[in-house]
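# Chain and residue survey
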Amino acid sequence: MSDTARDLRPKAGDSEKITINLGYVDLGHIDLLVDEGFYSNRTDFIRTAIRNQVDRHAEVVRQSVTRKSVDLGLRHFSRADLEAAQAEGRMLDIRVLGLATIAQDVSADLARATIASLTVLGALHAPAAVKAALADRIR
């Protein structure tokens, strides 16, 4: 396998596992395409199909990201980030399309004092206590 192919595959920490239900006929079509060599396995087919649909709607996504002031990709919030916002008396309205992370050393009290709202289209990685403290602010 070439280095390029390896670079395109998400690493364990770079992806989120999902479960989908498919009808038997759809699953059979996927298996047939895998058997015919179009895809290496079911996952390869599903990832390719998802990427094709995302590419197909790229302009709509771009417009929505701009209109909604969403951070695209990976957005990390450290304790220092939140302490700086607190020192300035600012509350954060966080909107992320991708992965939002809140550092492990952020306390639930600091998160509640600085995060007014949290909207993540994708995945949120944060300490359990922080998620619980922000439960009423997560959309």
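Residues numbered from 1 in each chain as written. Predicted model: local features only at pLDDT ≥ 70, side-chain atom pairs only at ≥ 80, totals over all residues. Heavy atoms only, no water.

Looking now at the overall build of the chain. Within the chain, the regular secondary structure consists of seven helices and three strands. The linear arrangement of helices and strands in the chain, starting from the amino end, is α-α-α-α-β-α-β-α-β-α. Computed over C-alpha atoms, the radius of gyration of the chain comes to 19 Å, more than 25% over the 14 Å expected from 2.2 N^0.38 for 139 residues, which places it beyond the range of a compact globule. Long-range contacts, defined as pairs at least 24 residues apart, comprise 55% of the intrachain contacts of the chain with a sequence gap of at least 6. Of the roughly 9900 Å² of accessible surface on the chain, a fraction of 54% belongs to carbon and sulfur atoms. (Helix = DSSP H or I, 4+ residues; strand = E, 2+ residues; numbered from the N terminus. Rg over C-alpha atoms; globule rule 2.2 N^0.38 Å. Contact = heavy atoms within 4.5 Å. Areas by Shrake-Rupley, 256 points an atom, 1.4 Å probe, with all protein chains shown as cover.)

Within the element layout of this structure, T114 appears in helix 6 (residues 108–114). When neighbours within four sequence positions are excluded, T114 is seen to be in contact with L82, Q86, R90, M91 and L92.

Moving on to the sheet that holds strand 2 (residues 92–102). The strand order across the open sheet formed by three strands is 1-2-3, and the pairing between neighbours is parallel. Each edge of the open sheet is held by one strand with a lone partner, namely strand 1 (71–77) and strand 3 (115–125). Strand after strand, the sheet turns through a mean of 45° between neighbouring axes, direction not considered. As defined by bridge partners, strand 2 adjoins strand 3 across ten bridges and the pair is classed as parallel. Bridging from a neighbouring strand, A100 pairs with L124 of strand 3. Each of strand 1, strand 2 and strand 3 is contacted by helix 5 (residues 79–88), which is oriented at about 85° to strand 1, the strand it contacts most. (Pairing = 2+ DSSP bridges. Axes fitted to C-alpha atoms, helices over the stretch in contact; angles between N-to-C directions.)

Residue placement: G122 occurs in strand 3. Once the C-alpha coordinates of G122 and F38 are considered, the two residues, 84 residues apart in sequence, prove to be 28 Å apart.

Here the focus is helix 2 (residues 24–35). Taking 1.5 Å per residue as the helical rise, helix 2 with its twelve residues ought to reach 16 Å, and the 16 Å between its terminal C-alpha atoms agrees with that figure. Remark: G37 follows helix 2 within two positions and exhibits a positive phi of approximately 90°. (Expected span 1.5 Å × (residues − 1).)

What follows deals with the pairing of strand 1. Here seven bridges tie strand 1 to strand 2, and the two strands are oriented parallel to one another. Looking at the pairing, G73 lines up with G98 of strand 2. As for the winding sense of the linkage, the β-α-β connection from strand 1 through helix 5 to strand 2 is right-handed. (Right-handed = clockwise from strand over helix to strand, strands pointing away.)

In the structure shown here, the tally under the stated rule is seven salt bridges. Notably, a salt bridge pairs R42 with D31, separated by 2.7 Å at the nearest N-O pair. Of this pair, R42 sits in helix 3 (residues 42–56) while D31 sits in helix 2, and the two are eleven residues apart along the sequence. Exposure remark for R42: the relative accessible area of 41% places this residue in the partly exposed category. Its relative accessible area of 25% is what places D31 among the partly exposed residues. Where R75 meets D71, a salt bridge forms, and the shortest distance between an N and an O atom there is 3.4 Å. R75 sits in the partly exposed class, given a relative accessible area of 31%. When salt bridges that share partners are traced, they join R79, E83 and D105 into one network. (Salt bridge = Lys/Arg side-chain N within 4 Å of Asp/Glu carboxyl O. Buried < 20%, exposed > 50% of the residue type's maximum accessible area, 1.4 Å probe, protein only.)

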